[in-house]
Amino acid sequence: MACRQFWASRAASYLRLSLFNRTFSSVVKDLKYCDSHEWVKVDGKSATVGITDHAQDHLGDVVYVELPEVGKSVTQGESFGAVESVKATSDINSPVSGKVVEVNEELNSSPGLVNSSPYKDGWIIKVEVSDSGELNNLMDSEQYSKFCEEEDSKH
């Protein structure tokens, strides 16, 4: 393997291409993260939820997002939907408890937004938070980055 990487890097150098090892996906500073790779952005009692760049990278091209109904109650750590990709289907767990007040309907026609813009256009649900103390159970960006690095090193 090392020989192959050496050869590839020499060839890239000769061709004046940049070759680098993908080290880690992007993490946004002001969000909170679950160990199941969902993020949450809280603004008062309102929370926006999606899956992380790390998660979408491991899933591959997303082809379908199962969205919950508006008004549904969600519980921290429990599944509220699923993301289906060309590689696998994965549950989406809620980082906070509360009531779903909005779903990203755009994902019905453009599920790939989860891949191309996981922290902006690819958000999945908005929740009216019932217990803001639950945020203490989540990781900040530094903790999440370290968690992902450790998790990836095991594979």
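Residues numbered from 1 in each chain as written. Predicted model: local features only at pLDDT ≥ 70, side-chain atom pairs only at ≥ 80, totals over all residues. Heavy atoms only, no water.

Visitor: Teacher, can you tell me more about the sheet that holds strand S2 (residues 38–43) here?
Guide: Remark on secondary structure: sheet strands pair via backbone hydrogen bonds, oriented parallel or antiparallel. Pairing in this open sheet of six strands is antiparallel, and the strands run S1-S2-S3-S9-S8-S5 from one edge to the other. On the outer flanks of this sheet lie strand S1 (32–33) and strand S5 (73–74), each paired with one strand and no other. Sheet topology note: the strand S3 (residues 46–51)/strand S9 (residues 125–129) ladder contains four bridges and is antiparallel. Within S9, the position partnered with Thr 48 by the bridge is Lys 126. (Pairing = 2+ DSSP bridges. Helix = DSSP H or I, 4+ residues; strand = E, 2+ residues; numbered from the N terminus.)

Visitor: Help me out: how do you make sense of the sheet that holds strand S4 (residues 62–66) in this one?
Guide: Strand order in this open sheet of three strands is S4-S6-S7, and the pairing throughout is antiparallel. Every interior strand has two partners, whereas the edge strands, S4 and strand S7 (89–93), have only one. Going across the sheet, the axis of each strand differs from the next one's by a mean of 25°, ignoring polarity. One ladder, built from five bridges, connects strand S6 (residues 79–85) with S7; its direction is antiparallel. Bridge assignment links Ser 79 to a residue of S7, and that residue is Asn 93. (Axes fitted to C-alpha atoms, helices over the stretch in contact; angles between N-to-C directions.)

Visitor: Explain the pairing of S3 to me, please; I cannot follow it from the model alone.
Guide: Two faces make up the sheet, and in a regular strand the side chains alternate between them. Within S3, five of the six residues are buried, leaving the element largely enclosed by the surrounding structure. Hairpin remark: S2 followed by S3, antiparallel, with two residues in the connecting loop; positive phi at Gly 44, about 70°. (Buried < 20%, exposed > 50% of the residue type's maximum accessible area, 1.4 Å probe, protein only.)

Visitor: Is there a simple way to explain the nonpolar core in this structure?
Guide: Proteins that are soluble and globular tend to have nonpolar side chains buried together. Counting residues in hydrophobic clusters, the biggest one holds 26 residues, and the most contacted among them are Ile 51, Val 65, Ile 124 and Ile 125. If you list the elements that add at least two residues to this core, you get S3, helix H2 (53–59), S4, S6, strand S8 (98–103), helix H4 (113–116) and S9. Core analysis: the next-biggest nonpolar cluster, separate from the first, contains eight residues, Leu 31, Trp 39, Met 139 and Tyr 144 among them. (Core = buried A, V, L, I, M, F, W, Y, C linked by side-chain atoms within 4.5 Å.)

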